[in-house]
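# Summary of structural features
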Amino acid sequence: MITGIKSIDHRAATRTLYELEGTTPRGERIAVEFTACTNDGSKHSLPIIWHEAGYTADVLPSYWAVDVYATDSAGCWGRYNPTTKLHESGKRLVLDFDWMLPATNENRDKILAEIIRRANKED
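Notes on the structure in this doc start here. Keep in mind it's a predicted model, so treat the numbers as computed, not measured. (Residues numbered from 1 in each chain as written. Predicted model: local features only at pLDDT ≥ 70, side-chain atom pairs only at ≥ 80, totals over all residues. Heavy atoms only, no water.)

Relative to the assigned elements, methionine 1 resides in the segment before β1 (4-12). Exposure remark for methionine 1: the relative accessible area of 65% places this residue in the exposed category. A sequence separation of 30 residues divides methionine 1 from alanine 31, and the C-alpha atoms of the two residues are 14 Å apart. Excluding residues that lie within four positions of it along the chain, methionine 1 makes contacts with Glu21, Gly22, Thr23 and Asn120. (Helix = DSSP H or I, 4+ residues; strand = E, 2+ residues; numbered from the N terminus. Buried < 20%, exposed > 50% of the residue type's maximum accessible area, 1.4 Å probe, protein only. Contact = heavy atoms within 4.5 Å.)

A few words now on the pairing of β1. Here β1 pairs with strand β2 (residues 15-21) via seven bridges, running antiparallel. Note on β2: the bridge partner recorded for glycine 4 is glutamate 21. Connecting β1 to the antiparallel partner β2 that follows it, the hairpin turn spans two residues. (Pairing = 2+ DSSP bridges.)

A word on the sheet that holds strand β4 (residues 62-72). With antiparallel pairing, five strands are arranged side by side in an open sheet as β1-β2-β3-β4-β5. Strands at the two margins of the open sheet, each flanked by one partner only, are β1 and β5 (75-77). When strand polarity is set aside, the average angle formed by the axes of neighbouring strands in this sheet is 20°. As defined by bridge partners, β4 adjoins β5 across three bridges and the pair is classed as antiparallel. By the bridge assignment for β5, alanine 70 is matched with tryptophan 77. (Axes fitted to C-alpha atoms, helices over the stretch in contact; angles between N-to-C directions.)

Let's shift gears to the layout of surface pockets. Counted as a void, the largest pocket has a volume near 290 Å³. At the level of secondary structure, the elements contributing two or more residues to the lining of the largest pocket comprise β4 and β7 (93-95). The element that contributes the greatest number of residues to the lining of the largest pocket is β4, accounting for six residues. Of the residues in the lining of the largest pocket, the class split is nine nonpolar, four polar and four charged. (1 Å grid on protein atoms, 1.4 Å probe; cavity = no way out; pocket = protein on both sides within 12 Å on 5 of 7 lines; lining within 4 Å. Points joined across faces, edges and corners; volume = space filled by probe spheres on them. Nonpolar A, V, L, I, M, F, W, Y, C, P; charged D, E, K, R; others polar.)

Below, the discussion takes up the pairing of strand β3 (residues 29-38). Bridge count between β2 and β3: five bridges; the pairing is antiparallel. Considered in β3, the bridge of tyrosine 18 is made with valine 32. Pairing geometry for β3 and β4, over ten bridges, is antiparallel. Counterpart to glutamate 33 in the pairing with β4 is aspartate 67.

Shown next as C-alpha cells:
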C-alpha cells in the first residue's frame, strides 16, 4: 500500500519529483512529477485557449502538469493520473479539465492525494 512520500527531488524551480513510499496492490512503485506552468497572457497561452474553447470556466493563472510513473517488473507505465482521462473513443488520453487546477501547494496536495487513492485501489 502506498503510504505517503518517500523522497522529494526539486529538479528545477518549477519541477519536483515525488517518490512514494510502499507499493500499490499490484506491486508497482510510484513516482510523480509536478511541473508548475504559468499563463503568460499571450493569445497562444494554453489557459486562454482552454477557456476560449469552453474547457475551463475561467482563465487559469497557472496549472500543474503532472506525470505519474508506475514501475513494475515489466516496465514503467503512465497510470493513476487524474489530470488525464480516456477519450470517449477509447483510443487516446485527453486532459481531464476537472483536475486542471492552479499551481498552488494546496492543489498539488489534492492531486497527489487522488493519485495515492487511485494507486491503492484494488482491481
